[in-house]
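# Architecture and fold: a report
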Amino acid sequence: MRSLQDEPVALVTGSSSGFGLLICIELALRGFVVIAGIRRMETAGKVLETAEQAGVHTRIRTVQLDVTQDSDVKQAAAYIKDQFGRLDVLVNNAGTAYGGFIEEVPAEVWLEQMNTNFHGMVRMTQAVLPLMRERRKGRIIQMSSISGRIGFPGYGPYASSKFAVEGFSECLALETEPFGIDVVIVEPGAYGTPIWEKGFTQMSTTSGLPYQAMLDKVLAFSQKSAQQGGDPREVARLVAHIACLKRPAFRYALPRSTRLTIRAKAALPGRL
Ligand code: NAD
């Protein structure tokens, strides 16, 4: 009989909500042992409860993992090495979204966005690459965004971090391919996950600059687009599908919502 020790192992960052949590479930349903990286461990109960409802809780381990903390990242990689001696799939999913107009965004917001969305990915990747290279096998799935391809007003810090993700991932793919490691970049459009509830700072209200109405429209548009964008499970299933492919013959994966968001972008100037 196969034990969990023989099953493929996946690590998902940012697993306590949204795509991350759904990806953990979809991977577990497909036979992975899933290490769910969680920034605040008080949310671990919710993750395990969701896994139990899906009948996959025995396949999920939760680890403390704030991707901005070197110590968390190193400990998570060491835990995987000790417990399983392998990592088949890394899903670099953790992210936050802050917005506001470029002129008004304070330095700490720019730094936070780069530190979490971009450098968090770099940190996590660097920590697990030796484990994948040793086995000459591995897959790294990068959660980018359509905002990593095209700009939107009011999304400067977020889009800049996702553009950085794209450049990093392209170079990573070229460097790791000789070692049997695949890199796939997923670029969703807007989906109704918790990321939209908390990120956008309404900076113009305090500065009095004439951007507020524009920002309101952009946000309303994003929210509408997120509502229409569909079920976040389709992104989770896409990621799980990529994780299971023998060898992906593509570098970019665009969920359905991406087209919708591009249409929204095309419509924006006329509406502002
Ligand atoms: P979400 O807010 O539900 O998920 C983000 C997760 O990242 C949360 O669980 C949060 O706790 C975690 N996180 C934040 N900072 C972290 C840190 N420092 N260390 C570890 N974890 C951290 O929103 P989501 O939409 O599921 O976002 C997941 C990813 O998908 C993000 O990278 C986001 O940029 C990307 N994305 C989302 C959309 C969308 O419309 N929802 C579209 C394109 C891309």
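Structure shown above.
None of the values given here were measured: they were computed from a predicted structure.

### Overview of the site of the ligand
- What surrounds the ligand is a group of 29 residues, the closest being S17, F19, Y158, Y191 and T193.
- The separation between an oxygen atom of the ligand and a polar main-chain atom of F19 is 2.7 Å.
- D66 is positioned such that a nitrogen or oxygen atom in its side chain is 2.9 Å from a nitrogen atom of the ligand.
- Coverage of the ligand by the protein amounts to 97% of the 820 Å² it exposes when considered alone.
- Of all elements in the fold, only α1 (18-29), α5 (156-176) and α6 (195-198) reach the threshold of two or more residues within the shell around the ligand.
- At three residues, the largest contribution of residues to the shell around the ligand is made by α6.
- Among the residues forming the shell around the ligand, the class breakdown is 12 nonpolar, 13 polar and four charged.

### A short note on the side chain of D88
- Relative to the assigned elements, D88 resides in the loop between α3 (70-84) and β4 (89-92).
- Non-local contacts of D88, meaning those with residues more than four positions away in its chain, are made with P8, V9, M132, R135, K137, G138 and R139.

### Some remarks on the packing of α3 against helix α4 (residues 107-135)
- Where α3 meets α4, the axes come as close as 8 Å, and the angle between the chain directions of the two elements is 20 degrees. When the axis of α3 is compared with that of α4, the two are roughly parallel. As for the relative orientation of α3 and α4, their crossing is right-handed in sense. Across from D70, V73, A77, I80 and K81 in α3, the residues of α4 making contact are R123, M124, A127, V128, L131 and E134.
- Of the residues in the contact of α3 with α4, the class split is seven nonpolar, no polar and four charged.

### With respect to the sheet that holds strand β5 (residues 138-143)
- Spatially, seven strands are ordered β3-β2-β1-β4-β5-β6-β7 in an open sheet, and the strand pairing comes out parallel. With partners counted over all chains shown, the strands left at the sheet margins are β3 (60-64) and β7 (252-253), one partner each.
- Inspection of the sheet shows strand β2 (residues 33-38) paired to β3 by five bridges, in the parallel sense. For G37, the partnering residue across the bridge sits in β3 and is V63.

### Examining the nonpolar core
- Ranked by size, the top nonpolar core spans 32 residues in total, and within it I23, L27, V34, I60, V91, I141 and V239 carry the most contacts.
- Elements represented by at least two residues in this core include exactly β1 (9-12), α1, β2, α2 (44-53), β4, β5, β6 (181-186) and α9 (233-244).
- Top contributing element to this core by residue count: α1, with seven residues.
- If we ignore the near neighbours within four places in the chain, the residues touching I60 are C24, A28, V34, A36, V47, L48 and A51.
- Counting residues in hydrophobic clusters, the runner-up holds 29 residues, among them V33, M132, V165 and V183.

### Considerations on the pairing of β4
- Because side chains alternate across β4, one face comprises the buried residues V89 and V91, and the other comprises L90 and N92, equally buried.
- Both β1 and β4 contribute to a ladder of three bridges, which runs parallel. Bridge pairing in β4 places L11 opposite L90.
- Note: β4 against β5, four bridges, orientation parallel.

### Details of the packing of α1 against α9
- Put simply, α1 and α9 touch, their axes get as near as 8 Å, and they point 45 degrees apart. By the angle between their axes, α1 is oblique relative to α9. As α1 runs across α9, the sense of the crossing is right-handed. Facing α1, whose interface residues are F19, L22, I23, E26 and L27, α9 presents R233, V235, A236, R237, V239, A240 and A243.
- Residue classes in the contact of α1 with α9 are distributed as nine nonpolar, no polar and three charged.

Conventions used here
Per chain, the residues get numbers from 1 upward, laid out in the order the sequence is written. Totals for whole chains, interfaces and linings use every residue, but because this is a predicted model, local features are given only for residues with pLDDT of at least 70 and side-chain atom pairs only at 80 or more, for both listing and counting. Side-chain measures here rest on the full set of heavy atoms in the structure, leaving out hydrogens and waters. Here a residue is near a molecule or strand as soon as one of its heavy atoms is found within 4 Å of it. The definition of a polar contact used here is a pair of N or O atoms within 3.5 Å, where within protein one atom must be able to donate a hydrogen and the other to accept one, and adjacent residues in sequence count solely through side-chain atom pairs. Shrake-Rupley sampling with a 1.4 Å probe provides the accessible areas, and residues are treated as covered by the protein chains on show and by no other component. We count a stretch as a helix when DSSP gives it H or I for four or more residues in a row; a strand needs E for two or more, and each element gets its number in order from the N terminus. Any residue outside Ala, Val, Leu, Ile, Met, Phe, Trp, Tyr, Cys, Pro, Asp, Glu, Lys and Arg is labelled polar, Gly included; the first ten of those are nonpolar and the last four are charged. We call two residues in contact whenever any of their non-hydrogen atoms come within 4.5 Å of each other. Axis definition: a line fit to C-alpha positions, over the contact stretch in the case of helices; interaxial angles, taken between N-to-C directions, run 0 to 180 degrees. For classification purposes, angles smaller than 35 degrees are called roughly parallel, those larger than 145 roughly antiparallel, those between 65 and 115 roughly perpendicular, and all remaining angles oblique. A crossing counts as left-handed when the near helix is turned anticlockwise from the far one by less than a right angle, and as right-handed when that turn is clockwise. One bridge is not enough; two strands pair if DSSP finds at least two bridges between them. For this analysis, a nonpolar core means a set of buried residues of the types Ala, Val, Leu, Ile, Met, Phe, Trp, Tyr and Cys, connected via side-chain atoms within 4.5 Å. Accessible area is worked out with a 1.4 Å probe on protein chains only. A residue is then buried under 20% of its type maximum, exposed over 50%, and partly exposed in between.

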